[in-house]
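The lines below spell out each chain.
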Amino acid sequence: MAWAGLMAGAAVGLTGCTAGAGPLGGLTDLGSDGGKARASDDTIEVTPRDGAEGVAPDGRLEVRVPDGRLESVRVRKVEDDRPAEVDGALSPDGLRWRPLPGTRLALAAKYSVDAVALDGHGRRSARHTTFTTLVPEHRFIGYFAPENRSTVGTGMIISFRFNRPVQDRAAVERGIRVTAEPHTEVAGHWFGDRRLDLRPERYWKPGTRVTVDLRLRDVEAAPGVYGIQQKTVGFTVGRSQTSLVDAEAHTMEVRRDGRLLARLPITAGAPKTTTYNGKMVVTEMFDVTRMNGATVGFKDAKGKGEYDIKDVPHAMRLTASGTFLHGNYWAPASTFGSANVSHGCVGLRDVKGGGADTPAGWFFDRTLIGDVVEVVNSRDRKVAPDNGLGGWNMDWDQWKAGSALR
C-alpha cells in the first residue's frame with residue numbers, strides 16, 4: 001500500500017514541458033532524470049528501471065555510474081504508514097551501490113530511489129526513480145496520494161490508483177473512509193475503473209487534520225479479486241496559498257490566506273503551444289530535473305526532442321501530461337512579464353543551478369504539494385479533471401455524480 005506521487009493522464013501535445021513521461025500515480029515514469037550539467041544522459045543507472053512493476057522482493061537492486069563516484073543513494077519504501085529505508089553500501093571505488101546481503105523488499109509496495117553523483121570534474125547529477133514490487137495473484141491494492149503524515153496545501157485531492165480494474169466500485173469506495181477535523185464533507189469521483197479521487201466541496205480549511213481509513217482487506221473489487229490493505233493514514237492541511245496566472249498579462253499573483261504576497265512576471269505557452277486554463281494542483285517538486293520535449297510529442301524531423309534541458313531548476317508539476325511551473329534561466333530577463341515563449345509551461349526567472357533570491361526560488365521555497373495554481377486568459381481549453389489533480393474544475397454536483405455511492 002502506498003501514498004502515490006500522482007496519477008495518470010493522457011500526454012497531450014499542448015503541454016510541452018516535462019520531467020519525463022510523467023503520469024501521476026507513481027505507476028509510470030515520473031521522470032526526474034535530470035541533474036546539473038550532466039556529462040551524459042545515462043550518468044546514473046538504476047535497476048529496476050523507472051516505473052517498473054511486479055519487481056520480485058529478492059530481485060536485483062542496484063545504482064551505478066560508469067565513472068566519477070556516487071555521492072549519495074537513498075532507497076525508501078514510500079506511500080505507507082511506516083516508510084522504511086533500504087540499507088545498502090557503496091563499493092570501494094564509489095561506482096556502485098547495492099543493498100546489504102539478505103535484504104528482501106516488501107510485497108505490494110512502492111519504492112523510490114534518489115541518487116546523486118559527481119563526475120570527474122566535480123559536477124553533480126541527480127536521478128529519481130520509482131518502482132513497485134510484486135502484488136500477490138488475485139489481489140488488488142491502491143496507490144494513493146498524498147503521503148502519510150505530510151503537510152499539504154488547501155487544494156490537495158486524495159487520489160487512489162488501483163493496480164487492477166474495479167468492477168464493484170461501490171464496495172471499494174465504501175472501504176475507504178475519509179474523516180476530517182473540523183468536520184468536512186468529502187465525496188469520491190471515479191475516473192474510469194482504476195482511479196478514485198476524493199475531495200471536499202471547497203478547498204480544505206487551513207489546519208484541518210484528515211484521516212483516511214482503509215478497510216479493503218477481503219473486499220471483492222471484481223470476481224475473485226480481493227483487497228489486502230487494512231490501515232489508517234492521514235495528513236495535515238497547512239496554510240492557504242493560491243496563485244493566479246494571467247497568461248495575457250504575463251503575471252502571477254500569489255496570495256497567502258487571502259492576502260497578496262507578490263505579483264511576479266511570468267512567461268506562459270507560446271501561441272502554438274499554449275498553456276491550459278483552469279485550476280491545477282502542485283503534485284511534485286524538484287530542485288532540479290530534466291525536461292525533454294520528445295516525451296510529450298515535441299519532436300524534430302529526426303524524432304528528437306525540440307528541447308532537452310538537463311538542469312531545469314525549481315520545477316513544480318501541475319499536470320500529469322507535463323505542465324510545470326518552473327525556473328527558467330535560458331530566456332532573456334526581458335521575456336518575463338512581456339512575452340509567452342514556452343511549450344506550455346509557466347516560467348519564472350531563475351539562474352542556472354537555481355537561485356534562492358530569484359522569483360522562481362522565492363516561489364519554490366513557499367510552495368507545498370497541494371497548492372493550487374490557476375491559469376486564466378490563455379488561448380487554450382480548460383485542463384481535464386483527470387489530468388493531474390484537476391478535479392477542482394468540476395462543480396460539486398458534477399463531482400458527486402461520479403461517486404458509486406450517490
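A brief report on the enclosed structure follows.

Thresholds, definitions, all that
Residues numbered from 1 in each chain as written. Predicted model: local features only at pLDDT ≥ 70, side-chain atom pairs only at ≥ 80, totals over all residues. Heavy atoms only, no water. Salt bridge = Lys/Arg side-chain N within 4 Å of Asp/Glu carboxyl O. Helix = DSSP H or I, 4+ residues; strand = E, 2+ residues; numbered from the N terminus. Buried < 20%, exposed > 50% of the residue type's maximum accessible area, 1.4 Å probe, protein only. Phe/Tyr/Trp six-rings, centres within 6.5 Å; stacked < 30°, edge-to-face > 60°. Lys NZ or Arg CZ within 6 Å of the ring centre and 35° of its normal. Contact = heavy atoms within 4.5 Å. Pairing = 2+ DSSP bridges.

**Regarding the pattern of salt bridges**
Within the structure shown, the criterion is met by 20 salt bridges. Two residues, aspartate 58 and arginine 104, come together in a salt bridge whose shortest N-O distance is 4.0 Å. Of the two residues, aspartate 58 is situated in the loop between strand E3 (52-55) and strand E4 (62-64) and arginine 104 in the loop between strand E8 (96-99) and strand E9 (110-118); the sequence distance between them amounts to 46 residues. Across the pair, exposure class does not vary: aspartate 58 and arginine 104 are exposed alike. Between arginine 98 and glutamate 62 there is a salt bridge, and its shortest N-O distance comes to 2.7 Å. Highlighted residues: arginine 98 in strand E8 and glutamate 62 in strand E4, separated in sequence by 36 residues. Within the structure, one salt-bridge network assembled from shared partners comprises Arg60, Glu62, Arg64, Arg96 and Arg98.

**Brief notes about the packing of aromatic side chains**
Counting across every chain of the model gives nine aromatic pairs. Between phenylalanine 162 and tryptophan 190, the aromatic rings sit 5.8 Å apart at their centres with planes inclined by 25°, giving stacked as the arrangement. Of this pair, phenylalanine 162 sits in strand E14 (residues 158-162) while tryptophan 190 sits in strand E16 (residues 186-190), and the two are 28 residues apart along the sequence. Take phenylalanine 162 and tryptophan 190: they sit in the same class, and that class is buried. The structure contains a cluster of three or more aromatic residues connected by ring pairs, namely Phe140, Phe144, Phe160, Phe162 and Trp190. In this structure, arginine 199 packs its charged tip against the face of tryptophan 399, placed 4.6 Å from the ring centre.

**Considerations on unusual backbone geometry**
At the junction of threonine 47 and proline 48, the peptide bond is cis and its omega measures out at 10° in the coordinates. At the junction of alanine 145 and proline 146, the peptide bond is cis and its omega measures out at 5° in the coordinates. Topologically, proline 146 is positioned in the loop between strand E12 (142-145) and strand E13 (150-152). A positive phi is found at aspartate 218, a non-glycine position, where the angle reads about 70°. Along the polypeptide, aspartate 218 turns up in the loop between strand E18 (209-215) and strand E19 (220-222). Using a relative accessible area of 53% as the deciding quantity, one classes aspartate 218 as exposed.

**Structural notes on the side chain of threonine 154**
Among the structural elements, threonine 154 can be located in the loop between E13 and E14. Once you skip the residues sitting within four places of it in the chain, threonine 154 turns out to touch Tyr203, Trp204, Pro206, Val237, Gly238, Arg239, Ser240, Gln241, Gly370 and Trp392.

**A word on the environment of lysine 205**
Looking at where lysine 205 falls in the secondary structure, it is placed in the loop between strand E17 (195-200) and E18. For lysine 205 and glycine 238, which are 33 residues apart along the polypeptide, the C-alpha to C-alpha distance reads 8.5 Å.

**Focus on the environment of glycine 355**
Relative to the helices and strands, glycine 355 resides in the loop between strand E29 (346-349) and helix H2 (359-365). Judged by relative accessible area, glycine 355 falls into the buried class, the value being 7%. Sequence separation between glycine 355 and tyrosine 329 is 26 residues; the distance between their C-alpha atoms is 9.8 Å. Setting aside its immediate chain neighbours within four residues, glycine 355 contacts His314, Asp350 and Gly361.

**Re the pairing of strand E28 (residues 324-328)**
Taking burial as the measure, the five residues of E28 include five buried ones, the bulk of the element. Judged from the two bridges that link them, strand E27 (residues 308-317) and E28 form a sheet pairing that is antiparallel. The residue of E28 that forms the bridge with arginine 317 is phenylalanine 324. The hairpin formed by E27 and E28 contains six residues between the paired strands, and glycine 322 there has a positive phi angle of roughly 125°. Of the strand pairs in this sheet, E28 and E29 are connected by four bridges, and their pairing is parallel. Its bridge partner lying in E29, glycine 327 is registered against leucine 348.

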